[in-house]
Every structure is written in structure tokens, then in C-alpha cells.
Amino acid sequence: MILIITGPSGVGKNTIIDALSRKIKFNFSVSHTTRPKRVSEVNGKDYHFISNNEFQNMINNNELVEYEEYGGYIYGTSRLELQKNGLVILDLEVNGATKLLESNSKFIGLFIDIDDKELVNRLKNRGHNSEFIAKRMDLADKQRNHKDKFHFKIDNVDINTSVNDIIDIIYKLEDRW
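Residues numbered from 1 in each chain as written. Predicted model: local features only at pLDDT ≥ 70, side-chain atom pairs only at ≥ 80, totals over all residues. Heavy atoms only, no water.

Asker: Hey, could you go over the packing of helix α4 (residues 116-125) against helix α5 (residues 130-144) for me, with residue numbers and the actual values?
Answerer: Following both chains from N to C, one finds α4 and α5 inclined at 135°, their axes separated by 11 Å at the closest point. As the angle between them shows, α4 and α5 are arranged oblique. The hand of the α4/α5 crossing is right-handed. Along its contact with α4, which presents D116, L119, V120, L123 and K124, the element α5 presents I133, R136, M137, A140, D141 and R144. Its residues placed into classes, the contact of α4 with α5 shows six nonpolar, no polar and five charged. (Axes fitted to C-alpha atoms, helices over the stretch in contact; angles between N-to-C directions. Helix = DSSP H or I, 4+ residues; strand = E, 2+ residues; numbered from the N terminus. Parallel < 35°, antiparallel > 145°, perpendicular 65-115°, else oblique. Left-handed = near helix turned anticlockwise from the far one by under 90°. Contact = heavy atoms within 4.5 Å. Nonpolar A, V, L, I, M, F, W, Y, C, P; charged D, E, K, R; others polar.)

Here you go:
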């Protein structure tokens, strides 16, 4: 089963996926990106950090199932990541997630969101300036317009509740497979 998790930047997708990894077994699809690595990130675990030329080679060789430009960088999912056994969880930008859902009816989409005040606080805590935050909030509004294209929606008010809700969803879906 392939579960695509998406939502605006800062809603807690990574935190939720980390918490899920401590409660259930799944394979995480590690995306490729041209974005610079953050201090806390690990290459090959959080992302495969590659150059623009390496990314372009992957596109030319049809190695990606989807890719999107986001925030001035390119992100993409390798076809190899989707060949893993069992539950595979992808953390994708909303446009990439929407494209994948439209291309395969067996994929399950989950949209995570939080209220605007909390989202602004999280972006500030990441060290972003007000101009950047305004752009991200505008983008978040546009991304929320696609919410209805996803099978499930989670309002991430509380991390433990969100994680347990997602586990419930996964167990119900596994019964169908």
C-alpha cells in the first residue's frame, strides 16, 4: 500500500512521520532534492541531496515518478522508492501528491493541515523572515484548495491524536488490501 502524506510546509508532516515510525512498521520513501541540507538532516534518510545536474540526469533517464519545483528547488520521487514491499509512506509537496494520486487510483492521499496562527508561529521558529512567511502563507492557501482531492484530512491540533488517527486509517485500509 502506498500512502502519500502532504500539506503546507510547517504543518508537522515530518514530526508525524517520525512518530509513526516509532509505532508501526513502514518503508519511508526518501525523496531526491536539489535543496541544501539543513543541519539536522541526514542524507539518505531525510532526503537524497543531489545537484541540479544529477537531478536533470534522473529526469532524462525517466527515473522519477514525479518531480516538482518548490521554493526554488526541485523535489522528486524515484521509481525505485515505490517498489518497496509493505506499507510505503511518501511525504510530498501538494502538487506532486495530487499528480501521483491522479495517475494511480491505488495510491491513498492524506492531507495534513493546521490553523494559520500556528503555521505562522512554526515558520517563525524555523527562522524565516516575514516576507518569506507571507509567501508561504499565500502558497498554503492555494494548496488548501486541493484538500478535497485527498482521501483523508487530518487537522494536526495534537501530534499524538494525529498519529493515532493515521494509524487507524492505515489499519482500516490494510483490511481492504
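Back to the text.
Asker: So what about the sheet that holds strand β6 (residues 73-78)? Which residues, and what values?
Answerer: Pairing is mixed in the open sheet, where four strands are placed in the order β4-β3-β6-β5. Single-partner strands in this sheet number two, and they are β4 (48-49) and β5 (64-70). Summarising the sheet, strand β3 (residues 32-33) and β4 pair through two bridges and their orientation is parallel. Within β4, the position partnered with H32 by the bridge is H48. Where helix α2 (residues 52-60) meets the sheet, its contacts fall on β3, β5 and β6, and the angle it forms with β5 comes to roughly 140°. (Pairing = 2+ DSSP bridges.)

Asker: Describe the pattern of salt bridges, naming the residues involved and giving the relevant values.
Answerer: Where charged atoms from two side chains of opposite charge come close, those side chains can pair. By the definition in use, this model includes eleven salt bridges. Note that R38 and E41 form a salt bridge whose closest N and O atoms lie 3.9 Å from each other. Here K147 and D113 are joined by a salt bridge, their closest N and O atoms 3.3 Å apart. Here the residue K147 occupies a position in the loop between α5 and β9 (152-155), and D113 occupies one in strand β8 (residues 108-113), the gap between them amounting to 34 residues. (Salt bridge = Lys/Arg side-chain N within 4 Å of Asp/Glu carboxyl O.)

Asker: Can you break down the sheet that holds β9 residue by residue, with the values?
Answerer: One open sheet holds the five strands; their spatial order is β2-β7-β1-β8-β9, and the pairing between them is parallel. Among the strands making up the open sheet, the edge pair consists of β2 (27-29) and β9. Between one strand and the next, the sheet's axes are offset by a mean angle of 25°, whatever the strand orientation. Inspection of the sheet shows β2 paired to strand β7 (residues 88-91) by three bridges, in the parallel sense. Bridging across to β7, F28 finds its partner in I89. This element, helix α1 (residues 13-21), spans β1 (2-6), β2, β7 and β8 of the sheet and lies at about 160° to β7.

Asker: Just give me the short version of the nonpolar core, but keep the residues and values in it.
Answerer: The nonpolar side chains of a soluble globular protein tend to be buried with one another. Counting 28 residues, the largest nonpolar core has L3, L20 and I166 as its most contacted members. Going through the elements one at a time, β1, α1, β8, α4, α5 and α6 (159-176) are the ones with two or more residues in this core. No other element matches the six residues that α6 contributes to this core. Ignoring sequence-local partners within four residues, the contact set of L3 consists of L87, V88, I89, L90, I108, L110, I166 and I170. Judged by nonpolar contacts, the second largest core, of 13 residues, contains I4, L90, L92 and V94. (Core = buried A, V, L, I, M, F, W, Y, C linked by side-chain atoms within 4.5 Å. Buried < 20%, exposed > 50% of the residue type's maximum accessible area, 1.4 Å probe, protein only.)

Asker: Would you mind going over the side chain of K13 in detail, with residue names and values included?
Answerer: With respect to the helices and strands, the residue K13 is situated in helix α1. D91 is the oppositely charged side chain nearest to the buried, salt-bridge-free K13, at an N-O distance of 4.6 Å. Side-chain polar atoms of K13 contact the backbone oxygen of G7, separated by 3.0 Å. With residues up to four places along the chain from it excluded, the contact list for K13 reads I5, T6, G7, P8, D91 and I112. (Lys, Arg positive; Asp, Glu negative; His and termini not counted. Polar contact = N/O pair within 3.5 Å; in protein donor to acceptor, adjacent residues only side chain to side chain.)

Geometric values such as these leave the question of function open.
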